[in-house]
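As a plain string of letters, each chain reads:
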Amino acid sequence: MWKGRFQQEPSELLKSYTQSVTVDGRLYRQDIRGSIAHARALKTAGILTPGEFDEIESGLKTIGEEIAAGTFPFREELEDVHMNIEAELTRRIGAAGAKLHTARSRNDQVAVDVRLYLLEACGEIIGRVRGLQRSLVGLGTRHSGAVIPGYTHLQRAQPVLFAHHLLAYVEMLDRDAGRVRDCAKRMDVMPLGSGAIAGSTLVLDRNAIAAELGFSVASPNSMDAVADRDFACELLSGLAILGMHISRMSEDIILWASAEFGFLELSDRHTTGSSLMPQKKNPDIAELARGKTGRLFGNLIALLTTMKGLPLTYNRDMQEDKEGVFDSVDTVLATLAIFAEMLDAASLREEKARSAASDPLLLATDLADRLVEGGVPFRQAHEIVGKLVARAQEVGVALDKLAPEEFLAASPLLTPEVVRRTFDLESALKARRAPGAPSPDNVTRELARWTAQLV
Ligand code: ARG
């Protein structure tokens, strides 16, 4: 493709070192769409005859079908997907094929292909985020009255509804979808016509190309258009954050599924056994998702590092952008799908979770709140209850089983009736009715809101 200037054949090692078709071959659909739109603009500009355009269009479509069918022989010595398709087209149709690359460079071509690919991927990711949100809402709805201990520092903190915990992830995933949507907005810029760096003296209707490919605008600066990989960095960053959320969810699932917690029952279909220990039922899906998050972070850092020292505009370093971004997209899509399926088949052991949440210590703060209602400053109330907790531990009884005299000695406000009411789990949950808190009414409303929003 550049043989005019060279007298020696390229080294075999160079060919395999510089080729990218093993990675970018998956861009063939976008490459073909981009080439057809570009060819149509060449026809409008009078550079291609209508007959030549038709030959190009049908030739490209046939090649696309062959690639889809797996019968197209990609050749590494032709470097990348762009050259493979163009070379084969030209071999088949001759002169018209050789005109396709007029007023175009692989620099603007690869930019348009990757943007088209990732725009589609953004749509799929958002769809699957929605799917996982639906599964979380579904699991919460199947156990809408269930209570679990909520944790801080992985120590039992306060009782919450199980659904409230799940809905926390629904909120996180919603922000994740928002980040992908935002990133897609900025990705929606059409680079073709920017050429290698400075456009072309052959002027094409770039707006028509943008419209045909479904982009909102054509890029306003040819140098930016071929040098920019922000869109990939942004997506990788959004996927890294999404991965972080799924990794935290994984950790909860792994803990909940352990014998020590014993809250969550995963289906046989979504757990694995051990080749040695017959009793094992392992939460490998969640562990792998947690593990794969390392790669999601790594892919972001790798691309940022690749880009940081590059002078404008295109540098071959940028060919390294694709492997990581494809890997992150694949990883996230697969993880979202399998998590949705796993949660659809999972269930809470409500009794086990409730009994863990029934530890009266989880309502120590509520007891302090009763003192506050009687006019005791909170810091003081905290200390009074703290001493009662220590006393209960000393005597070796549950906090609510301390003698009535002990409560009354701590404060006359702590009558047997107040103590009884405070340590009633149902009333304690009902009392948490501030907006955003997990009273059963609030959680029912939130489940209904998300169910409606996720249809
Ligand atoms: N395979 C290349 C890439 O992915 C296409 C652009 C090549 N441009 C060039 N001037 N060598 O970046």
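Residues numbered from 1 in each chain as written. Predicted model: local features only at pLDDT ≥ 70, side-chain atom pairs only at ≥ 80, totals over all residues. Heavy atoms only, no water.

1. Brief notes about the site of the ligand
Thought 1: The environment of the ligand is formed by Ser20, Asp24, Asp80, Arg106, Asn107, Val110, Tyr314, Gln319 and Lys322.
Thought 2: A distance of 2.4 Å separates an oxygen atom of the ligand from a polar atom in the side chain of Tyr314.
Thought 3: A distance of 2.8 Å separates a nitrogen atom of the ligand from a polar atom in the side chain of Gln319.
Thought 4: Contact with the protein chains removes 86% of the 340 Å² of surface that the ligand exposes when unbound.
Thought 5: For the shell around the ligand, the element with the highest residue contribution is helix 7 (residues 106-142), accounting for three residues. (Near = heavy atom within 4 Å. Polar contact = N/O pair within 3.5 Å; in protein donor to acceptor, adjacent residues only side chain to side chain. Areas by Shrake-Rupley, 256 points an atom, 1.4 Å probe, with all protein chains shown as cover. Helix = DSSP H or I, 4+ residues; strand = E, 2+ residues; numbered from the N terminus.)

2. Notes on the pattern of salt bridges
A side chain of one charge can pair with a side chain of the opposite charge when the charged atoms of the two come close.
Thought 1: A complete count under the given rule lists 38 salt bridges for this structure.
Thought 2: Of the charged contacts, one joins Arg40 and Glu212 as a salt bridge, the two residues approaching to 2.7 Å between their closest N and O atoms. A residue pair is termed long-range when its members are at least 10 positions apart, and Arg40 in helix 3 (residues 28-44) and Glu212 in helix 9 (residues 206-213) qualify at 172 residues.
Thought 3: Arg40 gets classed as partly exposed once you look at its relative accessible area, which sits at 29%.
Thought 4: Exposure remark for Glu212: the relative accessible area of 32% places this residue in the partly exposed category.
Thought 5: Glu265 serves as the salt-bridge partner of Arg349, at 2.3 Å between the closest nitrogen and oxygen. Taken together, the positions of Arg349 in the loop between strand 6 (347-348) and helix 14 (350-357) and Glu265 in strand 5 (residues 264-265) put the pair 84 residues apart, joining distant regions of the chain.
Thought 6: Linked through salt bridges whose partners overlap, the residues forming this network are Arg40, Glu57, Lys61 and Glu212. (Salt bridge = Lys/Arg side-chain N within 4 Å of Asp/Glu carboxyl O. Buried < 20%, exposed > 50% of the residue type's maximum accessible area, 1.4 Å probe, protein only.)

3. Some details on helix 20 (residues 440-453)
Thought 1: End to end, helix 20 covers 20 Å across 14 residues, agreeing with the expected 20 Å (1.5 Å per residue, within 8%).
Thought 2: Asn442, Val443, Leu447 and Trp450 are the residues of helix 20 that are buried. One side of helix 20 carries all its buried residues, which in axial view fall inside an arc of 135 degrees. Relative to its buried face, helix 20 has exposed residues pointing more than 90 degrees away, namely Asp441, Thr444, Arg445 and Ala452.
Thought 3: Summarising the contacts, the buried residues of helix 20 are in contact with helix 7, strand 2 (155-161) and helix 8 (162-187). (Expected span 1.5 Å × (residues − 1). Arc of directions from axis to C-beta. Contact = heavy atoms within 4.5 Å.)

4. Describing the state of the cysteines
Thought 1: In total, this model carries zero disulfides according to the counting rule given.
Thought 2: In this structure Cys183 is not part of a disulfide, and its nearest cysteine sulfur, from Cys122, lies 4.7 Å away.
Thought 3: Overall, Cys183 belongs to the buried group, its relative accessible area being 2%.
Thought 4: Not engaged in a disulfide, the cysteine Cys233 finds its nearest cysteine sulfur in Cys183; these two sulfurs lie 9.9 Å apart.
Thought 5: In this structure Cys233 comes out as buried when scored by relative accessible area, which is 13%. (Disulfide = S-S within 2.5 Å.)

5. Points about the environment of Ala95
Thought 1: Note that Ala95 resides in helix 6 (residues 95-98).
Thought 2: A C-alpha to C-alpha distance of 8.6 Å links Ala95 and Glu52, two positions 43 residues apart in sequence.

6. Things to note about the packing of aromatic side chains
Thought 1: For the coordinates displayed, the defined rule picks out five aromatic pairs.
Thought 2: Centroid distance Phe72 to Phe74: 5.2 Å. Interplanar angle 70 degrees. Geometry classified as edge-to-face.
Thought 3: Look at Phe72 and you get buried, because its relative accessible area is 8%.
Thought 4: Looking at Phe74, the relative accessible area reads 31%, which means it is partly exposed.
Thought 5: Through pairs of rings, three or more aromatic residues link up here, namely Tyr151, Phe261 and Phe263.
Thought 6: Note that Arg5 overlies the ring of Phe6, its terminal NZ or CZ placed 5.6 Å from the centroid. (Phe/Tyr/Trp six-rings, centres within 6.5 Å; stacked < 30°, edge-to-face > 60°. Lys NZ or Arg CZ within 6 Å of the ring centre and 35° of its normal.)

7. Points about unusual backbone geometry
Thought 1: Residues Leu312 and Thr313 are joined by a peptide bond in cis, for which omega reads 5 degrees.
Thought 2: With respect to the secondary-structure elements, Thr313 resides in the loop between helix 12 (284-308) and helix 13 (321-344).
Thought 3: The backbone of Glu79 sits at a positive phi, close to 70 degrees, despite the residue not being glycine.
Thought 4: Residue placement: Glu79 occurs in the loop between helix 4 (50-69) and helix 5 (81-93).
Thought 5: Its identity is not glycine, yet Ala103 carries a phi of approximately 60 degrees, on the positive side.
Thought 6: Relative to the assigned elements, Ala103 resides in the loop between helix 6 and helix 7.

8. Examining the pairing of strand 1 (residues 147-152)
Thought 1: Bridge count for strand 1 against strand 2 is six bridges, and the pairing is antiparallel. Bridging across to strand 2, Gly150 finds its partner in Gln158.
Thought 2: Between strand 1 and the antiparallel strand that follows it, strand 2, lie two residues; His153 among them carries a positive phi value of about 55 degrees. (Pairing = 2+ DSSP bridges.)

9. Comments concerning the packing of helix 4 against helix 5
Thought 1: Where helix 4 contacts helix 5, the axes come no closer than 10 Å and their chain directions differ by 120 degrees. Judged by the inter-axis angle, helix 4 sits oblique to helix 5. Of the two possible hands of crossing, helix 4 and helix 5 adopt the one that is right-handed. Residues Glu55, Ile56, Gly59, Leu60, Thr62, Ile63, Glu66 and Ile67 of helix 4 lie in contact with helix 5, whose contacting residues are Ile85, Glu88, Leu89, Arg92 and Ile93. (Axes fitted to C-alpha atoms, helices over the stretch in contact; angles between N-to-C directions. Parallel < 35°, antiparallel > 145°, perpendicular 65-115°, else oblique. Left-handed = near helix turned anticlockwise from the far one by under 90°.)

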